[in-house]
Amino acid sequence: MTLLSLKKIFFTLIALACAIIYAHATSVYDLRCEMLSNPWGIDNTKPHLSWKIGSEKQATEQTAYQIIASSDKQLLSVEKADLWNSGKVKSSESIWIKYAGKILSSRSVVYWKVRVWSNKEKVSQWSETASFSVGLLNAGDWQAEYIAMNAKKEDPESPLFRKSFHLTHENKLAFLHVNSLGYHEIYINGKKVSNAILAPAMVQFDKRSLSMTYEVSKYLHQGNNELIIWLGKGWYRSQMPGVVSGGPFVRAQLESLEGSHWNKIAVTNDTWKTRESGYTSPGKWGPNDFQGENVDGSKLLPDFTTQTLNRVSWDDAVIAHIPSHTVSPQMVETNKIQEALHPVSIKQLDNQSWLIDMGTCLTGWTKIAFPKLSAGQKITIDYADYLDKNGKMIQEKKFCDTYTASGKGNETFINKFNYHAYRYIKLYNLKEAPKTSDITAYLIHTGYDAGASSFSCSDKDLNAIHDMIHYTIRCLTLSGYMVDCPHIERLGYGGDGNASTLTVQTMYNLSPLYSNWMQAWGDCIHPDGGMPHTAPCPYSAGGGPFWCGFIITASWQTYVNYGDPRLLERYYPTMQQWLGYVKTYTRDGLLKRWPDNDYRNWYLGDWAAPKDLGVDVTDSTSINLVNNCFISVCYHTMSKIAEVLGKHDDKRMYQEKQEALDKLIQNTFYDKEKKSYGTGSQIDLAYPLLAGVTPKELVPTVKETLFNETAGRFKGHIVTGLVGIPVLTQWATQNNEAEFMYGMLRQHSYPGYLYMIDKGGTTTWEHWKGERSYIHNCYNGIGSWFYQALGGILPDENATGYRHVFIHPQLVKGIQWVKTSKDTPFGRLSVSWNLTNSQYTMETTIPVGCKATITLPVKAKSVLINGKTTEVNTDIKAESGHYTIVAEL
């Protein structure tokens, strides 16, 4: 063997040894700014940074970190970082670390990375580089003007705006800042700039609009360039609050970084050109009036290359005068296409119509490549989320698109600035059906990770219920908020939000979405403290206090689940203002009905309970009981928020308010003879228990009444509505009553989740019998139970963001095993367990940064943790890592 060969072997062994060492070393990954991945154009100059830590070593804990940040990737080193070098900071925190470098301003660009020290080794390797930039924060940052298409037509247009410009050299970094009133898409030199669709997110237009920033340097080139902005009205319609007629409108400015200065390349003004796109979007965008899109194939451009753009005529854009309002950068992920589906069947109805079944309900777009069409042939594309008992479309031609053919061949329809919620498509005026491969449905939702949680167990029926709810949430979370139903109303109802927040925040990382949604609620409060029932609030909608108080309960839950207190700080005055409004309509200590007005109607307690089974949500006794229990919960929540914010006098005040209200509720609504509250419905019994109204000595009595009424009067079913579902769920979870919930969930007869599934439901309905909507946010509040009760994963309100978690699975007869996992701000947390006659086994993985207290749900003779004997029948304190726990029964 030669010396050269020996050297090669030596260095190969060294490299292999290093690889083995680093494979088991602490790693830093998934860097986030404001919980967004590499966001361009954020809304503040002191953002909060987060990262996750990977380690295969047991009980790894971060002991210190170092962040470096620079204005250029080439400067991102300890020696050269020109914005920030934190040095070694002793801390176990790895989420919501406030930027503390040089002062940033509009357009600042920051590249950053981090390394950590742990109790297991000296220091990790540096993370991959992450980045963010600051958007245009001040009115003076905008030199662009709003422009519009100078056209007056019955159907609102989706116009194209064009700007040609010349570049003498390529750009290292270029930002396009876009503030559109209506939806927009951006194309540069024929290529779509982003995979964002239906952008920007929805806002309260009489208070603000959103801007978005795109990094576009890779789309630009030396020489002539073409910039196309394609607009669609979306929600920006003249009957909405704050909307200016004649839109949609846009202002945009394209800037490039030259040295340390930003140069303007193009700004919107009256030198831009405009033309029709071939798309129009009729309808007022109100209840049952979202209609669809009309596409004229003869007006569509095949592409946006210069050659094509020069072949058609263009008009001059006009300057639009838009009232001054707040313009803030969007701080939530954009809508994106998430999945592509093809039909499971195509059925011919007559010689010119076809019924297409996509196999599941969804929210999104449709794309159809048509067979050969004749010029002027008009195809109608109709949508429905279910069929009637005769197999016919419900609300025929209520939500439909049309395509008018050019006759030139290879014609394709695809949605652009509207969407549909559907399972079934009906095509009219088409003699030959498209192939299944030529019909595509695109599931659309905000760009969070759809795989952020999982659940399965030995009961297939429970799995089906979980999976239906898990999927339904994906059909409802879009445009920066949660809609009630994505086709009939599309509103961000606070009641629906309150009903499902615990579920959706358990299943998904929706911190940015809730930040955007709470901003809308903050924008919606009225000077007298009145709140609408939905935010954004484009028009008057029904609800009650459970809807209005969403800003209190949702802000708190967002803090508990994700660990950022800024929503509490930002909206605490708004919460107090609304509670002042509640006081205005409080009589003899109890909240009573307030008046309807131009932004709010109805005064509900519960909603969508099965009236045919004797549950009347319009009963005034139940309404007053439910609403005052909710106000009690609000006072309790406000006392906790006040404590977090260091407002100790406020904490005592809200505690006293709650105590006084609880006594009044108990004295007013409790029937000693019947041992019951209100009407004796499930919500009337469960809400006082959950809110803490029921005196401790009466809790067993009221609980027995609840169980007896459920078993007898309601025949073992869930017989409650939108408000009652989360109330029952939370009470049962907190009180270890999994058997009670399990018994109701297993019912196949009406009303119930399995009834929906047996009737073909793939998403949850608005009503237990399926009236109106088959894609709705009414009954999703049960979803948290799978994770928190059966999986046993419970966040700790005293160590928020899953810094500490309780793991306490609840057992039920008939379930032998459970597997569940969820993403936390620190990484993936998983719990699985298996029960036999002689042994209970749990496997759990706890991410670095999180600690857990594990309570086994069994009495054990002996307990082994990772093969080592430990004390039996006591809580287990666990650091990060993987644990196998075996308990002999």
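Quick note: structure is the one above.
What you see is a predicted model, and the numbers here were worked out from it, not measured in a lab.

Before we go on, may I ask you to explain the overall build of the protein in this structure?
Helix and strand content of the protein: 16 helices and 50 strands. Relative to its length of 889 residues, the protein is compact, with a C-alpha radius of gyration of 29 Å against a globular reference of 29 Å. For the protein, the spread of C-alpha atoms along the three principal axes comes to 85 × 80 × 60 Å. Residue burial in the protein is summarised as follows: out of 889 residues, 60% are buried. Looking at the protein alone, contacts between residues at least 24 apart form 74% of all its contacts between residues at least 6 apart.

Help me understand the nonpolar core in this model?
The tendency in soluble globular proteins is for nonpolar side chains to be buried side by side. Membership of the largest hydrophobic core comes to 222 residues, with the highest contact counts inside it found for W235, W578, Y753 and W785. Sorting elements by how many residues they give to this core places helix α9 (residues 620-644) first, with 11 residues. Sequence-distant contacts of W578, that is, excluding residues within four places in its chain, are made with I525, G529, M531, P545, C548, G549, I552, W594, F630, I631 and C634. Counting 28 residues, the second-largest nonpolar core is a separate cluster that includes A174, L220, L231 and V250.

I would appreciate a short explanation of the sheet that holds strand β46 (residues 851-854) in the present structure.
Within a sheet, adjacent strands bond to each other through the backbone by hydrogen bonds, running parallel or antiparallel. Here 4 strands make up an open sheet; going across it, the order is β41-β42-β46-β49 and the pairing mixed. Of all strands in the sheet, those with a lone pairing partner are β41 (793-795) and β49 (876-878), marking the two edges. Sheet twist, expressed as the average angle between the axes of neighbouring strands with direction ignored, equals 25°. Pairing of β46 with β49, which is carried by 3 bridges, proceeds in the antiparallel orientation. The residue bridging T853 from the neighbouring strand is K877, located in β49.

I tried to follow unusual backbone geometry on my own but got confused; where do I start?
When glycine is set aside, most residues are seen to have a negative phi, and most peptide bonds are trans. Each neighbour pair has its own omega, and for A199 with P200 the value is 5°, a cis peptide bond. Inspection of the secondary structure assignment puts P200 in the loop between β13 (191-192) and β14 (208-215). Look at the link from G247 to P248: it is a cis peptide, with omega at 10°. Relative to the helices and strands, P248 is located in the loop between β15 (223-232) and β16 (249-258). Despite not being glycine, Q291 shows a phi value in the positive range, around 45°.

Which parts of the structure should I look at to understand the packing of helix α13 (residues 724-734) against helix α14 (residues 738-745)?
Relative placement of two packed helices is described by the angle separating their axes and the distance separating the axes. The interhelical angle for the contact between α13 and α14, taken along N-to-C directions, is 140°, at an axis separation of 8 Å. Between α13 and α14, the interaxial angle falls into the category oblique. Counted together, L728, T729, W731 and A732 of α13 and A738, F740, M741 and M744 of α14 form the full contact between these two elements. For the contact of α13 with α14, the residue count by class is 7 nonpolar, 1 polar and no charged.

Before we go on, may I ask you to explain the sheet that holds strand β43 (residues 817-824) in this structure?
Pairing within the open sheet is antiparallel, and its 7 strands lie in the order β32-β43-β44-β45-β50-β47-β48. Looking at the sheet topology across the chains shown, the edges are occupied by β32 (453-457) and β48 (868-870). Each adjacent strand pair in this sheet contributes to an overall mean axis angle of 15°, direction not counted. In the sheet, β32 pairs with β43 via 5 bridges, with the strands oriented antiparallel. When the sheet's bridge partners are listed, S453 is paired in β43 with K822.

Would you take a moment to explain the pattern of salt bridges for this structure?
Where side chains of opposite charge bring their charged atoms close, a pairing between them can arise. Evaluated as defined, the whole model comprises 28 salt bridges. The partner of R566 in a salt bridge is E34, and the shortest N-O contact between them spans 2.5 Å. A residue pair is termed long-range when its members are at least 10 positions apart, and R566 in helix α8 (residues 566-584) and E34 in the loop between β1 (27-33) and β2 (48-54) qualify at 532 residues. Residues R566 and E34 agree in their burial class; the two are buried. When the shortest N-O distance is used, the salt bridge between K273 and D316 registers 2.4 Å. Taken together, the residues span a long stretch of sequence, with K273 in strand β18 (residues 273-275) and D316 in strand β21 (residues 315-316) at a distance of 43 residues. Residue K273 is classed as partly exposed on the basis of its relative accessible area, which comes to 33%. Taken together, the shared-partner salt bridges in this structure form one network comprising R107, D141, E255 and K264.

Criteria and cut-off values
Residues numbered from 1 in each chain as written. Predicted model: local features only at pLDDT ≥ 70, side-chain atom pairs only at ≥ 80, totals over all residues. Heavy atoms only, no water. Helix = DSSP H or I, 4+ residues; strand = E, 2+ residues; numbered from the N terminus. Rg over C-alpha atoms; globule rule 2.2 N^0.38 Å. Buried < 20%, exposed > 50% of the residue type's maximum accessible area, 1.4 Å probe, protein only. Contact = heavy atoms within 4.5 Å. Core = buried A, V, L, I, M, F, W, Y, C linked by side-chain atoms within 4.5 Å. Pairing = 2+ DSSP bridges. Axes fitted to C-alpha atoms, helices over the stretch in contact; angles between N-to-C directions. Parallel < 35°, antiparallel > 145°, perpendicular 65-115°, else oblique. Nonpolar A, V, L, I, M, F, W, Y, C, P; charged D, E, K, R; others polar. Salt bridge = Lys/Arg side-chain N within 4 Å of Asp/Glu carboxyl O.

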